[in-house]
Amino acid sequence: MKTIKTLGISIAIWILGVSAFTLIYELPILENRYVQANIGLALVVPILVWAGAWLYYRKGSLTHGLNLGLVMLLVSATMDALITVPLLILPSGGTYASFFGSLDFWLIGLEFIGISTLFWYFKVHKPKQQ
């Protein structure tokens, strides 16, 4: 696995994801803006992860998509623990436990793993010929 490349792509996905969440949160569409922002993020994350996987694999890496997705999720969760929770969640009365224990967080985490794995199967993996 290309560590620096993976970290860079993962941090870019995190920045774009947090930006999308914040932007969607500010739109006056639904009464519950937190739910609105999570729905928007759930729709944006697959696009971001697919694009990140494309960037990662475009020069011929063969790392399994599951591993790539796990690393992307780990980097994103670390950035959330270091930046998102202290700056956005704690001031509004939330906690680390409420953030990381949320079903929303884990469903989006599954998107990271699932989309990167699907990308690998569709675009990278070459089945063995018999």
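Along each chain, the written sequence defines residue order, and numbers are assigned to residues from 1. Residues qualify for local features only when their pLDDT is at least 70, as the model is predicted, and side-chain atom pairs are given and counted only at 80 or more; totals for whole chains, interfaces and linings, by contrast, use all residues. The side-chain numbers reported here are obtained from all heavy atoms of the structure, hydrogens and water having been left aside.

## Let's talk about the packing of aromatic side chains
Put simply, two rings from Phe, Tyr or Trp (the six-membered ring, in Trp's case) pair if the centres are within 6.5 Å, and we call them stacked under 30 degrees between planes, edge-to-face over 60, tilted for the rest. Tallied over the full model, the rule gives eleven aromatic pairs. Taken together, a centroid distance of 6.2 Å and an interplanar angle of 70° make the contact between Phe21 and Tyr34 edge-to-face. Of this pair, Phe21 sits in helix H1 (residues 3-26) while Tyr34 is found in helix H2 (residues 33-57), placing the two residues 13 residues apart along the sequence. Here's how the labels work: a residue is buried when its accessible area is under 20% of the maximum for its type, exposed when over 50%, partly exposed in between, all with a 1.4 Å probe on protein chains only. Owing to a relative accessible area of 38%, Tyr34 belongs among the partly exposed residues under this scheme. Here a set of aromatic residues connected by ring pairs shows up, and it is made of Tyr96, Phe99, Phe100, Phe105 and Trp106. Note on geometry: a ring has a charge over it if NZ (lysine) or CZ (arginine) is within 6 Å of the ring centre and within 35 degrees of the ring normal. One Lys or Arg, Lys5, reaches over the ring of Tyr56 and ends 5.9 Å from the middle of that ring. Only DSSP runs of H or I covering at least 4 residues are called helices, and only runs of E covering at least 2 are called strands; the numbering of each starts at the N terminus.

## Some remarks on a nonpolar patch on the surface
Together, Tyr25, Leu27, Ile29, Leu30, Tyr34, Val35, Ile39 and Leu43 make up an exposed nonpolar region whose accessible area comes to about 740 Å². If one sorts the elements of the nonpolar patch by residue count, H2 sits on top with four residues. As for its position among the elements, Tyr25 is in helix H1. Residue classification places Tyr25 among the partly exposed residues on the basis of a relative accessible area of 35%. Without a salt bridge and with relative accessible area above 30%, a residue can belong to a patch; like charges are then joined within 9 Å and nonpolar side chains (Val, Leu, Ile, Met, Phe, Trp, Tyr) within 5 Å. Here the accessible surface of atoms and residues is derived via Shrake-Rupley with a 1.4 Å probe, and residues count as covered only by protein chains that are part of the display. The term salt bridge refers to a side-chain nitrogen of Lys or Arg lying within 4 Å of a carboxyl oxygen of Asp or Glu.

## Side note on helix H5 (residues 103-124)
Side chains of residues three or four places apart in an α-helix project in the same direction, reflecting 3.6 residues per turn. To estimate the expected span of a helix, count its residues, drop one, and scale the result by 1.5 Å. Taking 1.5 Å as the rise per residue, H5 with 22 residues should run 32 Å; its terminal C-alpha atoms sit 31 Å apart, in good agreement. Buried within H5 are the following residues: Phe105, Ile108, Gly109, Phe112, Ile113, Ile115, Ser116, Thr117, Phe119, Trp120 and Val124. Here, two residues are considered to be in contact whenever any of their heavy atoms come within 4.5 Å of each other. Tucked into the core, H5 has its buried residues touching H1, H2, helix H3 (65-89) and helix H4 (96-100). Distance and chemistry together define a polar contact, namely a pair of N or O atoms within 3.5 Å, with one atom able to donate a hydrogen and the other to accept it when in protein, and with adjacent residues in sequence counting only for side-chain atoms on both sides. Among the residues of H5, the N-terminal cap falls to Ser102, whose side-chain oxygen and the backbone nitrogen of Asp104 are separated by 3.1 Å.

## A closer look at H1
Taking 1.5 Å of rise per residue, the 24 residues of H1 would be expected to cover 34 Å, and the 35 Å separating its terminal C-alpha atoms lies within 8% of that figure. Those residues of H1 that sit buried are Thr6, Ile9, Ser10, Ile13, Trp14, Gly17, Ala20, Phe21 and Ile24. Tucked into the core, H1 has its buried residues touching H2, H3 and H5.

## Quick look at the packing of H1 against H2
Interaxial distance between H1 and H2 falls to 8 Å at its minimum, and their mutual angle equals 155°. Looking at the two axes, H1 sits roughly antiparallel to H2. Regarding H1 and H2, the two cross each other, and that crossing is right-handed. Each residue is assigned to one class: nonpolar for Ala, Val, Leu, Ile, Met, Phe, Trp, Tyr, Cys and Pro, charged for Asp, Glu, Lys and Arg, and polar for all the others, Gly among them. When its residues are assigned to classes, the contact of H1 with H2 shows 15 nonpolar, six polar and three charged. Each axis is a line fitted through C-alpha atoms, taken for helices only over the stretch in contact, and angles between the N-to-C directions span 0 to 180 degrees. For this classification, under 35 degrees means roughly parallel, over 145 means roughly antiparallel, 65 to 115 means roughly perpendicular, and everything else is oblique. Note on convention: near helix rotated counterclockwise from far helix by under a right angle means a left-handed crossing. Clockwise means right-handed.

## Looking at the nonpolar core
Ranked by size, the top nonpolar core spans 21 residues in total, and within it Ile13, Val45, Val49, Tyr57, Leu68, Met72 and Phe112 carry the most contacts. Elements supplying a minimum of two residues to this core: H1, H2, H3 and H5. Element by element, the count of residues in this core is highest for H2, at eight residues. We define a nonpolar core as any set of buried Ala, Val, Leu, Ile, Met, Phe, Trp, Tyr and Cys residues linked to one another through side-chain atoms lying within 4.5 Å. Val85, Ile89, Phe99 and Phe105 belong to the second-largest nonpolar core, a separate cluster that totals five residues.

## Describing the packing of H3 against H5
It is the contact of H3 with H5, at a shortest axis distance of 7 Å, that shows an interaxial angle of 150°. Viewed along their axes, H3 and H5 adopt a mutual orientation that is roughly antiparallel. In this structure, H3 meets H5 at a crossing whose hand is right-handed. Contact residues: H3 offers Gly65, Leu66, Leu68, Gly69, Leu70, Met72, Leu73, Ser76, Ala77 and Asp80, while H5 offers Phe105, Gly109, Phe112, Ile113, Ser116, Thr117 and Trp120. Across the contact of H3 with H5, the residue classes tally to ten nonpolar, six polar and one charged.

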